[in-house]
Amino acid sequence: MDTEEAPQALLSFLSKLGLEKYYPNRLSRQSLLEINTNSLNEKPVSSLEDIPWCFLKKIFKISTKCRSCTQLTSNQKENNDDWDLDLYTTNDSDNKINPLDLMVALFLCADSFLQQEMSLKMSMCQFSVPLLLPHGNKSQCSLMLWALRDIVKEWRPHDLSESRGFVEDNIVQADLPFYSFVRLKNCSLSKSHFLNKVLISDQQNHNIFIHRDMEGGGVKREISNGLVEVCWYLPCGKENLDIFPEPVAFANMRGDIWESLEQFKFLFQVSNVTFVFLDKVEERELEILTSLKDMKTKLFLVVNQKEGNVKQDMMSVKKTLEKLDLPKNNLIVKKTGDNGAEFSKKLCEAIKTCLSHVKATASIVNMFDKAVELGLSVDENKTGQQKKAAKEIMDGIGVRSFPQYKNLQLPLQGDNWKTLSKIEKEECRLKKCGDSRPEEYKSYLQDEKQKVISEQRKYKLSKGMEIFLDNLSTNDKDKRDFFLKWMKLKLDSHSRKKLSDLRNTFKEQCKQKDVKLIAELDQALVESSLGVEHYMREMGLIYEFLPEPHHERYHLPSLAAELLLDGYPLELLDGDASNIPERWVTDVLMELHKKVGEKSRLLVLTVLGVQSSGKSTLLNTMFGVQFPVSSGRCTRGAYMLFLKVGEDLKSELNSDFIVLIDTEGLKSPDMAQLEESYEHDNQLATFVIGLSDVTIINISMENSTEMKDVLQITAHAFLRMKEIGKKTICHFVHQNVASVSADSNCVRERKHLLDQLNEMTQLAAEMEKQPSIKAFTDVLDYDIDKTNWNIPGLWHGTPPMAPVNTGYSEAVADFKKHLLETMKGERRSEPSQIPEFQEWMRSLWKAVKYKNFIFNFGNTLTQAYDNLCKEFSDWEWEFRKEILSWQTEAEVEISNADNGSEMETWKELVESKKSEVSKKITNQQRIMKKKLSDYYEKKDRHVNLIEKYKTDFFNNIKSLAREIQMSVNTRLDYILELKISTKKAQDIQRMYRGVIEEQVMKLVSICKDSKLSDEQLIQEFEKMWNDATADISDLKEQDIMEDILSTL
């Protein structure tokens, strides 16, 4: 709509707010991201022209206080002068506006992308958002389908509670029950107030819909009648917390039905149920209601009994029920004596009853045709061409998996690119040179590198990339932006479905405990990510591998520079290949330098922390940007985004741009399964800290155990920066710390953090061979109070119905202000411009590639060593068990050898056994060494951290073999000695047995004919026995009878 066609009331209202120059749709999102004095300071609203900017500033930092800035700040003296009669005669409504009017005005002035941003952030605050936007008169309104496209919600229906699954969907595509709430004439009942009561639990004092009892809600509306807002109730899966078991959409129309008939007809036709709030029904309203179809199931009357004409009013309602043939159950009455709580409970029960009978659901996307049929405009009609182009690319995916599609359509970022990355690092480090001469090995690597580059240059432009580049290269900025947004929406939607299916399969296989399949699915989850960033990466690699001369794609850096200026991030470090396309990034930055008239002083800010600790959300809230925060796909690698500095701050900050670098989380579970993830994290941290003027270490309380590991990485990186004279400012942000006494109570924790930093710094200094460094403060200026910030949790309550915590927004805003105020005093030296920055970036990346990161995390080092010790213990036991089993058999064989054999034969047997066991021990030693070598070949156990212990473990195997060899030999010698001693004893026994038998027989022959008594015979035997055994020592007398009894 042109300004000339706009109704006078709308233009008058916009003029009052100073917005007339932005109508229609001339206010852009990018204009609000500039870093200037207004974006830092909280000034009270002193004029009506301040109100829109106050609202936008607060909504961009996701503050739920944004709706409370619609009134001018009153003079305290005037407020206290209650007896001034002018207060009762002067109309002060000129100094107030209704928040609904402000919202309509801003949406009418905002361009399509700012509308999306406002809707998204309002939804995060759990505010209702516009569904039908009036154009300032009664006849025109738009379905805000495009404005709602960016809103993605998660919820857990009760049927998924047990499995703990969840649904994640773009809210306009979700098929949900749809309930509408409208009113007839000036109904005395506030439907918005009671809707809030129904949708929000008693524990939360939060207003989804603006109502008359809120600040500014009672001000007469000027342009917002006919506005239809929508919100969604989403369950968390807990019956004791959820109001409704399933997700439900609620629409609320502002103003009287009669004034907005088109909106009412639309709502009635797309809704499952429409609730009409009224005091009474007059003839004109009855005509409207009787014109509706399917009233019995779709229309409910909500009646407020007012004192006075109760009987007459109720008669009109009864007449309406009869005329419309509505069942009595479709009537909800707030009686004169009912209080608000009782009535909201009654309304809630009616909605639940309707829910149980819902058969068909609808999505907002499917309301498009109905809106067109009824003559309503749809805000995304002008994006059809770009939507078609994005769909054409998506159709190319078809039934293929994402890895298959990327291999076909985005081949340059595949295995060859990753191989090239490894070759380039190996060229610098020569870790696998072995016995080869370094010059020969380098020559070999150069040949391999050229082969890969040649392979990369053979690829022809795929159809998908051809469509992507053609649409991106248009001179029409709006068309380009719409195309990129459609690509993002469609790719994200497709990814959510793919990842959801993979997660469910992964969950099932975890129960089956199929290790191999689980590993494959885990890798598939890592690889099944496809977003606009992959197409942008392919675009960069197309340019990177262009042969010289080649003019066809030379416009690509200029195009990427324009995107950077428009607020799109540029991938700095490819997180999948752990590499930088240096030619591409350098040329893009130099094009940007040219476009800004070579005025490109940079202030670089980076956030580091554990994965899913809220790094991207922190940057988004601080600066109003849109780094991806989806649970499905976390950031990989590092992305840089440029924010313009306003003229009023350029000299103070000594900068033209603030560069934000968002990084992937360190200690990522995904990366832990990939080769050399420890090295990837260290390279990333060293690189981005080296590039940054300010580093924010994000510490989330849920991930405190991993933070010691992250601190060690950053300590090494800061130490290296000190070595080369780079001074970086560091701040620690402690998230999810909400107590008002946190600053006092956290002194001990902050002291503990400093102790940890000192410990990590000492360890890093030892590894970096800098013994003079003893504490973290030797590396950086660290103030235990000024460099630590406590920030409360993001959500106020239980998601998904929890709004953003106002304390979070305010704490982040305070941190941002302090950060930039600090930088004003710190930027004394001349900052780097883009040429210096990119030159420093290339030098730094070269240094990172040369650095062999042999260190890693303290916790992980201990764990890796313990894991190897456990494995080694198991191998040792298998070694010993195998030899012990052989030894037992050998002992039996030696013991059972023929006693008639010569002792030399036995000695030969033992020597053969010693030779046999020596071979067996050598074989077992070889097996154990192979197990150790295989263990070090595996990359998923952090074995690189314990590389220096490898020789020790090999030596332990040798020592173990020697020990076992000596033990077995000693045992075999003992068995031989035992065998020989036993034979000697047996020989002596036989000899003396013969002597005794001879003496006995002699005694028998002598005494045979004698007349000796028994006693004399015993004496003669004892004498003979003593003489015969005189040479045998320690011969004990046995009690035969006792032995017989014992045996029996």
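Attention here is on the structure that accompanies the text. Predicted model, so just to flag it, every value in this text is computed and none were measured.

Further remarks concern the overall build of the chain. The secondary structure content of the chain amounts to 37 helices and 18 strands. Burial status across the chain gives 51% buried among its 1048 residues. In the chain, once contacts between residues fewer than 6 apart in sequence are set aside, the share between residues at least 24 apart is 78%. With the model as given, the accessible surface of the chain reaches about 51000 Å², and the carbon-plus-sulfur share is 49%.

For the rest of this paragraph, the subject is helix H13 (residues 340-356). Given a rise of 1.5 Å per residue, 17 residues ought to cover 24 Å, and the 25 Å separating the end C-alpha atoms of H13 matches this to within 8%. What H13 keeps buried is the set Phe343, Ser344, Leu347, Cys348, Ala350, Ile351, Cys354 and Leu355. Projected onto a plane normal to the axis of H13, the buried residues spread over an arc of 160° and lie on a single side. Across H13 from its buried face, at more than 90 degrees, point the exposed residues Ala341, Lys345 and Ser356. On its buried face, H13 is in contact with strand S5 (178-183), helix H8 (191-199), strand S7 (248-256), strand S8 (273-278), strand S9 (299-304) and strand S10 (331-334). A distance of 3.2 Å separates the backbone nitrogen of Ala341 from a side-chain oxygen at the start of H13, and that oxygen is part of Asn339.

Here the focus is the nonpolar core. Grouped together as the largest cluster of nonpolar side chains are 162 residues, with contacts concentrated most on Tyr179, Trp232, Phe244, Phe250, Phe266 and Phe275. If you tally residues by element for this core, the top one is helix H6 (residues 99-109), at nine residues. In this structure Trp232 touches Val129, Leu148, Ile151, Ile171, Leu176, Val248, Ala249, Ile364 and Met801, once residues within four positions along its chain are discounted. Counting residues in each nonpolar core, the second largest holds 104 residues, with Leu472, Met536, Ile661 and Val688 among its members.

All right, on to the sheet that holds strand S13 (residues 602-609) then. Taken together, seven strands build an open sheet; the order of strands is S12-S14-S15-S13-S16-S17-S18 and the sheet is mixed. Edge strands, defined here as strands with exactly one partner in the open sheet, are strand S12 (570-573) and strand S18 (788-791). The sheet shows a mean angle of 25° between the axes of neighbouring strands, taken without regard to direction. With three bridges connecting them, S12 and strand S14 (residues 638-644) associate as antiparallel partners. What sits directly across from Leu573, in S14, is Ala638. Sheet contacts for helix H25 (residues 615-623): S13, S14, strand S15 (657-663), strand S16 (694-700), strand S17 (729-735) and S18; angle to S15, the most-contacted strand, approximately 160°.

What follows is about the pairing of S16. In terms of residue burial, S16 counts as a mostly covered element, since seven of its seven residues are buried. Because side chains alternate across S16, one face comprises the buried residues Val694, Ile696, Asn698 and Ser700, and the other comprises Thr695, Ile697 and Ile699, equally buried. The sheet contact formed by S13 and S16 spans five bridges and is parallel. Across the sheet, the residue bridging to Leu608 is Ile697, located in S16.

Quick look at the packing of aromatic side chains now. Taken as a whole and assessed by the stated rule, the structure comprises 30 aromatic pairs. Centroid distance Phe264 to Phe268: 6.3 Å. Interplanar angle 45°. Geometry classified as tilted. Of the two residues, Phe264 and Phe268 are both situated in helix H9 (residues 261-270); the distance of four residues between them amounts to about one turn of the helix. Overall, the relative accessible area of 4% leaves Phe268 in the buried class. The lysine or arginine in question, Arg67, covers the ring of Phe127, its NZ or CZ lying 3.7 Å from the ring centre. Sitting above the plane of the Tyr543 ring, Arg583 keeps its charged end 4.7 Å from the centroid.

Let us look at the packing of H8 against H13. Two packed helices can be described by the angle between their axes and the distance between those axes. At a minimum axis distance of 9 Å, the contact between H8 and H13 shows a crossing angle of 70°. On the basis of the axis angle, H8 is roughly perpendicular to H13. The segment H8 lies against H13, with Phe194, Lys197 and Val198 engaging Gly340, Phe343, Ser344, Leu347, Cys348 and Ile351. In terms of residue class, the contact of H8 with H13 is made up of six nonpolar, two polar and one charged.

Okay, the pattern of salt bridges next. Per the counting criterion, the structure on display carries 47 salt bridges. It is possible to trace a salt-bridge network through shared partners that takes in Glu424, Glu582, Arg842 and Lys849.

Another aspect to go through is the pairing of strand S6 (residues 228-233). The buried fraction of S6 is high, at six of six residues. Relative to S7, S6 runs antiparallel, the two being bridged by six bridges. Looking at the pairing, Trp232 lines up with Ala249 of S7.

A cis amide bond links Tyr23 to the next residue, Pro24, at an omega of -5°. In this fold, Pro24 is placed in the loop between helix H1 (8-17) and helix H2 (37-40). At Leu430, a position not held by glycine, the phi torsion is positive, near 50°. Relative to the assigned elements, Leu430 resides in the loop between helix H17 (415-429) and helix H18 (438-458). A positive phi angle, near 55°, is found at Ser578, a position not held by glycine. Positionally, Ser578 belongs in the loop between S12 and helix H24 (582-595).

Before going further, it helps to spend a moment on H1. Each α-helix turn comprises 3.6 residues. Residues three or four places apart therefore point the same way. Turning to H1, its buried residues are Leu10, Leu11, Phe13, Leu14 and Leu17. End-on, the buried residues of H1 take up no more than an arc of 160°, which puts them together on one face. Turning to H1, the residues buried within the fold contact helix H3 (50-60) and H6. Of the residues flanking the end of H1, it is Gly18, one or two places downstream, whose phi is positive at about 75°.

Next up on the list: the sheet that holds S9. Taken together, the nine strands give an open sheet; going across it, the order is S10-S9-S8-S5-S7-S6-S1-S2-S11, and neighbouring strands pair in mixed fashion. Either end of the sheet is taken by a strand with one partner, and the two such strands are S10 and strand S11 (377-378). Here S5 runs beside S8; their pairing, made up of five bridges, is parallel. In the sheet register, Phe181 faces S8, and the bridge partner there is Phe275. Strand contacts of H9: strand S1 (129-134), strand S2 (141-143), S5, S6, S7, S8 and S9, with the helix running at about 150° to S5, the strand carrying the most contacts. Against the sheet, H13 touches S5, S7, S8, S9 and S10, its axis set at about 170° to S10.

Once that is clear, we can look at a nonpolar patch on the surface. A surface patch of nonpolar side chains, amounting to about 260 Å² of accessible area, comprises Ile988, Met991 and Val995. For Met991, the position within the fold is in helix H35 (residues 950-1007). On the basis of relative accessibility, which here comes to 49%, the residue Met991 falls in the partly exposed class.

Attention now moves to the side chain of Lys425. Residue position: Lys425 is located in helix H17. Every residue in contact with Lys425, bar those within four places of it in the chain, is listed here: Ala577, Ser578, Glu679, Gln683 and Lys849.

Here is what the cut-offs are and how they apply
Residues numbered from 1 in each chain as written. Predicted model: local features only at pLDDT ≥ 70, side-chain atom pairs only at ≥ 80, totals over all residues. Heavy atoms only, no water. Helix = DSSP H or I, 4+ residues; strand = E, 2+ residues; numbered from the N terminus. Buried < 20%, exposed > 50% of the residue type's maximum accessible area, 1.4 Å probe, protein only. Contact = heavy atoms within 4.5 Å. Areas by Shrake-Rupley, 256 points an atom, 1.4 Å probe, with all protein chains shown as cover. Expected span 1.5 Å × (residues − 1). Arc of directions from axis to C-beta. Polar contact = N/O pair within 3.5 Å; in protein donor to acceptor, adjacent residues only side chain to side chain. Core = buried A, V, L, I, M, F, W, Y, C linked by side-chain atoms within 4.5 Å. Pairing = 2+ DSSP bridges. Axes fitted to C-alpha atoms, helices over the stretch in contact; angles between N-to-C directions. Phe/Tyr/Trp six-rings, centres within 6.5 Å; stacked < 30°, edge-to-face > 60°. Lys NZ or Arg CZ within 6 Å of the ring centre and 35° of its normal. Parallel < 35°, antiparallel > 145°, perpendicular 65-115°, else oblique. Nonpolar A, V, L, I, M, F, W, Y, C, P; charged D, E, K, R; others polar. Salt bridge = Lys/Arg side-chain N within 4 Å of Asp/Glu carboxyl O. Patch = residues over 30% accessible without salt bridge, like charges linked within 9 Å, V, L, I, M, F, W, Y side chains within 5 Å.

Any link to function would need more than the numbers given here.
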